[in-house]
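Per-entry structural report
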Amino acid sequence: MAQSQSSPRSSHQMPDAFHWGVATSSYQIEGAVNEDGRGASIWDTYAHTIGKIKNGDTGDVADDHYHRYADDVKLMQSIGVTAYRFSVAWPRIFPNGTGTPNPQGLAFYDRLVDAQLSAGIEPFATLYHWDLPQALQDRYGGWQSRDTAKAFAEYAGYVASKLGDRVKHFFTMNEFYSFVDMGYQGIEIDVGAQKVRVELAPGLHVGPAIYQVRHNAVLAQGLAIQAIRAVVKAGTKCGPADNINSAVPVVNTPENIAAAQRATRELNAAYLTVMLEGAYTDAYLEAAGQDGPKVLDGDLKVIGTPVDFVGINVYRPSVYVIPSADAPGFKAIPFNASHPHMLSSWHLLGPEVMYWAPRQVRSLWGAKEIYITESGCGASDVISPDGRVYDSDRIMYTRNNLVWLQRATAEGVPVAGYFQWSFMDNFEWGDGYGNRFGLVYVDFSSQKRIPKLSASYFKAAAAANAPV
Ligand code: NOJ
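One structure accompanies this document, and this report is about it. (Residues numbered from 1 in each chain as written. Predicted model: local features only at pLDDT ≥ 70, side-chain atom pairs only at ≥ 80, totals over all residues. Heavy atoms only, no water.)

**Considering the sheet that holds strand E1 (residues 19-23)**
- What the 8 strands build is a closed barrel, ordered E1-E2-E3-E4-E7-E9-E12-E13; its pairing is parallel. Across the sheet, the axes of successive neighbouring strands diverge by a mean angle of 25°, strand direction being ignored.
- Bridging between strand E9 (residues 310-313) and strand E12 (residues 370-375) involves 4 bridges; their strand directions are parallel. Its bridge partner lying in E12, Asn313 is registered against Glu374.
- Lying over the sheet, helix H12 (residues 269-277) contacts strand E7 (237-242) and E9, oriented at roughly 155° with respect to E7.
- On the sheet, helix H16 (residues 392-410) packs against E1, E12 and strand E13 (415-421) and is oriented at approximately 170° with respect to E13. (Pairing = 2+ DSSP bridges. Helix = DSSP H or I, 4+ residues; strand = E, 2+ residues; numbered from the N terminus. Axes fitted to C-alpha atoms, helices over the stretch in contact; angles between N-to-C directions. Contact = heavy atoms within 4.5 Å.)

Structure representation (structure tokens):
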């Protein structure tokens, strides 16, 4: 009897030991850009370039997390967070990109990790969330050079050797497509009613050389995995946190599902596919023609270095597809102008992507451990007269995502954790501070933190280990 009473509820739960996490990144929250020996990053330069960021916002102060980290971690604990994905700022550790490490920079992450462990929160460290040392941009042209890939591996190995006694999960790089394609050529995103142009630091337009920049980035990931493995103890895991381009079947028949899977493999040819297969797809190389990357002997083996897990950032379907008789066997359909969306211009809705993306990562590449390293939404949050923030749209978005994610786990897709983007409102790149993604509202003039209603939702879901 007891069993039949509990079974309906447990059938909606996430797997045991599921991580209920929140995510942030260094430049978006830390501030303190000139403290304790930190070097400049390409984001300092870019944000201070007139016209690049809405309202002229910069990350100079951001959430002042560098000074407030201890209270922030306590706040995480109070809203039921069990894992925290933060990023390490490379220019705090190596102010010049390479050379002598800066002990004060590392000391900050030591304190941050220790604070998490004392709060019972599992630390997940990302080593690159876009704040490349400006010195490497100046010296090598950033990711245009293989030298930056080598420098990244050295930095990654160094940080892992220092934090690896306490941090059991390292993400190498965050969102390849964003920092490469948006950083080195800018992209246009189909949002139904229009196309939106998105650009990130360093704001270059390298033309066909983009193929080489992409290659250098995946090479960096492979070299970093090897460098991390060389210094950490057995059981420490590492892998990427990529914004997978997810093709979602609109009609769920076997033929449509197969077409969507083919599409996802091709749409990720430059990043996840080559990292997880150790080879570029024929279609990718054909499309590149003579602009294709210069692949040196051994590169593909490095790029294909096995990872322990695959992290994916999942916000929206990249495309909906239907099968096609013509090569490559799928057709991406246009979004209707009326397709619903969240606040960010690029953010079309399609919660079923939270099922298809991890399912395809397993079916395409046999991943044994998957993390949803980011999901969340910007919303037009305001403080109500009663002092609270009622973000019911964010709760709707999150609940739908979790329901679809739970379906994936119930079918055996090995998703081990979900990280909400973001813990608190922060510097949303080109959109500045106007676009709030947090579970916690931040008043940027006083630095006061106010947990939103979505924080209560997150806490309840984490406690139930289920979408509620
Ligand atoms: C992905 C990025 O990793 C993160 O930095 C950004 O703020 C969110 N998406 C929301 O746009």
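After presenting the structure, the write-up continues.
**A word on the pairing of strand E11 (residues 330-333)**
- Summarising the sheet, strand E10 (residues 319-323) and E11 pair through 4 bridges and their orientation is antiparallel. Residue pairing across strands places Tyr320 opposite Ile333, the latter belonging to E11.
- A loop of 6 residues connects E10 with E11, the two strands running antiparallel in sequence, and Gly329 in this loop sits at a positive phi of about 95°.

**Some points on the sheet that holds strand E8 (residues 247-249)**
- Here 3 strands make up an open sheet; going across it, the order is E8-E10-E11 and the pairing mixed. The open sheet has two edge strands, E8 and E11, and neither has a second partner. Between one strand and the next, the sheet's axes are offset by a mean angle of 45°, whatever the strand orientation.

**What about the site of the ligand?**
- Lining the immediate environment of the ligand, one finds 13 residues, of which Gln28, Asn174, Glu374, Glu428 and Trp429 sit closest.
- At 2.7 Å, a side-chain N or O of Glu374 approaches an oxygen atom of the ligand.
- In the complex, 95% of the free accessible area of the ligand, which totals 290 Å², lies under the protein chains.
- Per-class residue counts for the shell around the ligand are 6 nonpolar, 4 polar and 3 charged. (Near = heavy atom within 4 Å. Polar contact = N/O pair within 3.5 Å; in protein donor to acceptor, adjacent residues only side chain to side chain. Areas by Shrake-Rupley, 256 points an atom, 1.4 Å probe, with all protein chains shown as cover. Nonpolar A, V, L, I, M, F, W, Y, C, P; charged D, E, K, R; others polar.)

**Regarding unusual backbone geometry**
- That bond from Ala327 to Pro328 is cis: its omega, 5°, falls within 30 degrees of zero.
- In this structure, Pro328 sits in the loop between E10 and E11.
- With a phi close to 85°, Trp130 is a non-glycine residue in the positive phi region.
- Position of Trp130 relative to the elements: it lies in the loop between strand E3 (122-128) and helix H7 (134-140).
- For Trp130, a relative accessible area of 6% translates into the label buried.
- In this structure, Asn465 takes a positive phi of about 50° despite not being glycine.
- Assignment of secondary structure puts Asn465 in the segment after helix H17 (453-464). (Buried < 20%, exposed > 50% of the residue type's maximum accessible area, 1.4 Å probe, protein only.)

It is worth stressing that arrangement in space is one thing and function is another; only the former is reported here.
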